Structures are given as structure tokens and as C-alpha cells.
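The residues making up each chain are set out below.
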Amino acid sequence: MIFNVLTLFPELIENSMNTSITGRAIKNDIIKLNTVNIRDFAENKHGQVDDYPYGGGAGMVMQAPPVYRAYKSIEDRIQKENKKKPRVIYLTPQGKVFNQKMAEEFSKEEELVFLCGHYEGIDERVLELIVTDNVSIGDYVLTGGELPALVMMDSISRLVDGVLNNKDSSVYESFYDNKLEYPQYTRPEEFMGMHVPKVLLSGDHKKVDEWRKEESLKRTLERRPDLLDES
Ligand code: ADE
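Owing to the predicted nature of the structure, the values given are computational and were not obtained by experimental measurement.

*Asks:* So what about the domain arrangement of the chain? Which residues, and what values?
*Replies:* With domains assigned, the chain is organised as domain 1 (2-157) and domain 2 (172-229). In this structure, domain 1 and domain 2 have C-alpha centres spaced 37 Å apart.

*Asks:* Go over the pattern of salt bridges, please, and point to the residues and values.
*Replies:* One pass over the structure, following the stated rule, counts 18 salt bridges. In this structure, E75 engages K72 in a salt bridge whose closest nitrogen and oxygen atoms are separated by 3.2 Å. Linking E75 with K72, this pair stays in helix 3 (residues 64-80), spanning three residues, or about one helical turn. Of the residues examined, K72 reaches a relative accessible area of 24% and is grouped as partly exposed. For E75, the salt bridge identified is with K85, shortest N-O distance 3.6 Å. Taken together, the residues span a long stretch of sequence, with E75 in helix 3 and K85 in the loop between helix 3 and strand 5 (87-97) at a distance of 10 residues. On the basis of relative accessibility, which here comes to 8%, the residue E75 falls in the buried class. Classification of K85 by relative accessible area gives exposed; the value is 60%. Each of K84, R87, E105, E109 and D133 takes part in salt bridges that share partners, so that together they form one network.

*Asks:* So what about the sheet that holds strand 1 (residues 2-7)? Which residues, and what values?
*Replies:* Taking strand neighbours across the sheet as the criterion, the five strands line up as 2-1-6-5-7 in an open arrangement whose pairing is parallel. Edge positions in the sheet fall to strand 2 (32-37) and strand 7 (133-136), since each of these pairs with one other strand and no more. Strand after strand, the sheet turns through a mean of 30° between neighbouring axes, direction not considered. Where strand 1 and strand 2 come together, six bridges link them in parallel fashion. When the sheet's bridge partners are listed, L6 is paired in strand 2 with V36. Lying over the sheet, helix 3 contacts strand 1, strand 2, strand 5 and strand 6 (111-115), oriented at roughly 160° with respect to strand 1.

*Asks:* Outline the site of the ligand, listing residues and values.
*Replies:* Taken together, L91, T92, P93, V135, S136, I137, G138, Y140, V141, L142, G144 and P148 are the residues near the ligand. In the environment of the ligand, a nitrogen atom lies 3.0 Å from a nitrogen or oxygen atom belonging to the backbone of I137. In the complex, 95% of the free accessible area of the ligand, which totals 260 Å², lies under the protein chains. For the shell around the ligand, the secondary-structure elements that each account for two or more residues are strand 5 and strand 7.

*Asks:* How would you summarise the packing of aromatic side chains if you had to cite specific residues and measurements?
*Replies:* Throughout the structure, instances matching the rule amount to one aromatic pair. The interplanar angle of 50° and the centroid separation of 6.0 Å between the aromatic rings of F3 and F114 together place this pair among those described as tilted. With a gap of 111 residues between them, F3 in strand 1 and F114 in strand 6 connect regions that are remote in the sequence. The exposure class assigned to F3 is buried, which follows from its relative accessible area of 0%. In this structure F114 comes out as buried when scored by relative accessible area, which is 0%.

*Asks:* Any chance you could break down the packing of helix 1 (residues 10-17) against helix 6 (residues 146-157) for me, citing the residues and the numbers?
*Replies:* The relative placement of two packed helices is expressed as an angle between their axes plus a distance between the axes. With their axes 10 Å apart at the nearest point, helix 1 and helix 6 run at an angle of 30° to one another. The pairing of helix 1 with helix 6 is recorded here as roughly parallel in orientation. For the pair helix 1 and helix 6, the crossing hand works out as right-handed. Contact with helix 1, carried on its side by L12, I13, S16 and M17, involves E146, L150, M153 and S157 of helix 6 and no other residues of that element. Along the lines of polarity and charge, the residues of the contact of helix 1 with helix 6 split into five nonpolar, two polar and one charged.

*Asks:* Can you explain the pairing of strand 5? Please cite residues and give values.
*Replies:* Alignment of strand 5 against strand 6, held across four bridges, turns out to be parallel. Across the sheet, I89 pairs through a bridge with F114, a residue of strand 6.

*Asks:* Tell me about the nonpolar core, and name the residues and values.
*Replies:* Soluble globular proteins: nonpolar side chains tend toward being buried together. Grouped together as the largest cluster of nonpolar side chains are 26 residues, with contacts concentrated most on F3, F114, M153 and I156. Listing elements by their share of this core, those giving two or more residues are strand 1, helix 1, helix 2 (20-27), strand 5, helix 4 (100-106), strand 6 and helix 6. Not counting chain neighbours up to four residues away, the residues in contact with F114 comprise F3, N4, V5, L6, I89, L91, A149, M152, M153 and I156. With 22 residues, the next largest nonpolar core counts V49, V88, V113 and L127 among its residues.

About the criteria used
Residues numbered from 1 in each chain as written. Predicted model: local features only at pLDDT ≥ 70, side-chain atom pairs only at ≥ 80, totals over all residues. Heavy atoms only, no water. Domains from an automatic or database assignment. Salt bridge = Lys/Arg side-chain N within 4 Å of Asp/Glu carboxyl O. Helix = DSSP H or I, 4+ residues; strand = E, 2+ residues; numbered from the N terminus. Buried < 20%, exposed > 50% of the residue type's maximum accessible area, 1.4 Å probe, protein only. Pairing = 2+ DSSP bridges. Axes fitted to C-alpha atoms, helices over the stretch in contact; angles between N-to-C directions. Contact = heavy atoms within 4.5 Å. Near = heavy atom within 4 Å. Polar contact = N/O pair within 3.5 Å; in protein donor to acceptor, adjacent residues only side chain to side chain. Areas by Shrake-Rupley, 256 points an atom, 1.4 Å probe, with all protein chains shown as cover. Phe/Tyr/Trp six-rings, centres within 6.5 Å; stacked < 30°, edge-to-face > 60°. Parallel < 35°, antiparallel > 145°, perpendicular 65-115°, else oblique. Left-handed = near helix turned anticlockwise from the far one by under 90°. Nonpolar A, V, L, I, M, F, W, Y, C, P; charged D, E, K, R; others polar. Core = buried A, V, L, I, M, F, W, Y, C linked by side-chain atoms within 4.5 Å.

Quick look at the structure:
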């Protein structure tokens, strides 16, 4: 999986992605991160990439030409490698709200492009030209698309073969089968007078499985009944 990120803050993306599990996956060449600084494709020597909105109003708008040229630098490389055109994800509160199913779908791609906007947005014409997917990470407004891109890359990465090892396995986890995960316990067996549920100490795998299924369903009913309507 190659993650390409068009951004004005490549160091933010790199610092985060090079940490923890995604960092290990990058080191081991299981995923690749390619950040492209949109400012490197500015029209003028000051590196300015934004301008006042036509029609007036507050804020600045990212200009179409530098965004397009930054994108083209990725597309040209992909074309040379005889690969198919990548999906281009624009992070925007106006997009479809991201979920586990979308993460699974995106994890099957060979390569993805994330476009991170800032200021009041990006000139609509370049969005029309290059964006294939508008994605939001929730109904709230952030200062830019970098954090949403990181959220998406984190959740997509862990679904790519080889990123998680046995120790951090992803088989039974929240949203598997539209349910939340059961509660987990580790040593010590007693903590501040609270005991680990007896069944987990019984060694009876069938009973443990049944208990976990029950807890998973109970927890979903209590905390996210809306998930059960979807299945
Ligand atoms: N950019 C600003 N807010 C956002 C959000 N909630 N999701 C995706 N991109 C955004």
C-alpha cells in the first residue's frame, strides 16, 4: 500500500505516521508514505498557494494550479509505472462519514492519494478534476485535512496484510460483525477489590467464547444500539 498525501504540512503527516505500528510498517516496507508539499508547486517565488475568494467573504482559498501540479507529479509517476489511476480522497466535512467498512474497502487499493485542504477550502475546479471520494471523519470542523487523513491512514494500515502481528491482531475487535468488542482483563487478578470474571480463569474455551459473545452484544445494545440496526 502506498499512501500519497498532498499537504501544506508534510512534517505533521510524517511525524505521526513514523510512530508506533504505522512506523514499524513503514520501516518494514509493508506500507509506504509519500508526502508531497503543495507549496513546492506554488506559482510565485514567495510560495503563496492561497488567494482571496471571488465574490468576497471571509478567509482565503487554496488555488487550483499548485494543487493540480502537485497531484500531477504523483499521477505521472503512477502512469510511468503502468498502474491504474489512484482514488483521490479529499478530506472535507462535506464528505461521506468514514467508517470501518470504508476502511476495509480502501485497504484493498494498491495506492491512495489524500488531498488535505486548509483555509476556507480549495478552488472547486481542481476538486472537480481530480477528486474521486469526498470523505469526512465526523460532523465537526477541523482546521485542515491532515488529522482526518492520519485517522484514515491509521485505520486502513492496520487492515493491510502484515501490518499487525499476532500480538495486535485485528480479528475480534470493535465493529467486527457490527458489534463492539467484549471487555478485556489482564494481571493482576484482583485490582482494588475488583476481580476478573471467573469464567476467564476457567480454561474452558467454549464458555469463554460464549461469555465474550454475550458481553459484546450487551455492550453494543447499551452503548451503540444503532449498530445492530445496520446488520
Ligand atoms: N476538514 C475539516 N474538518 C473535517 C472533517 N470533519 N472531516 C474531514 N475533513 C475535514
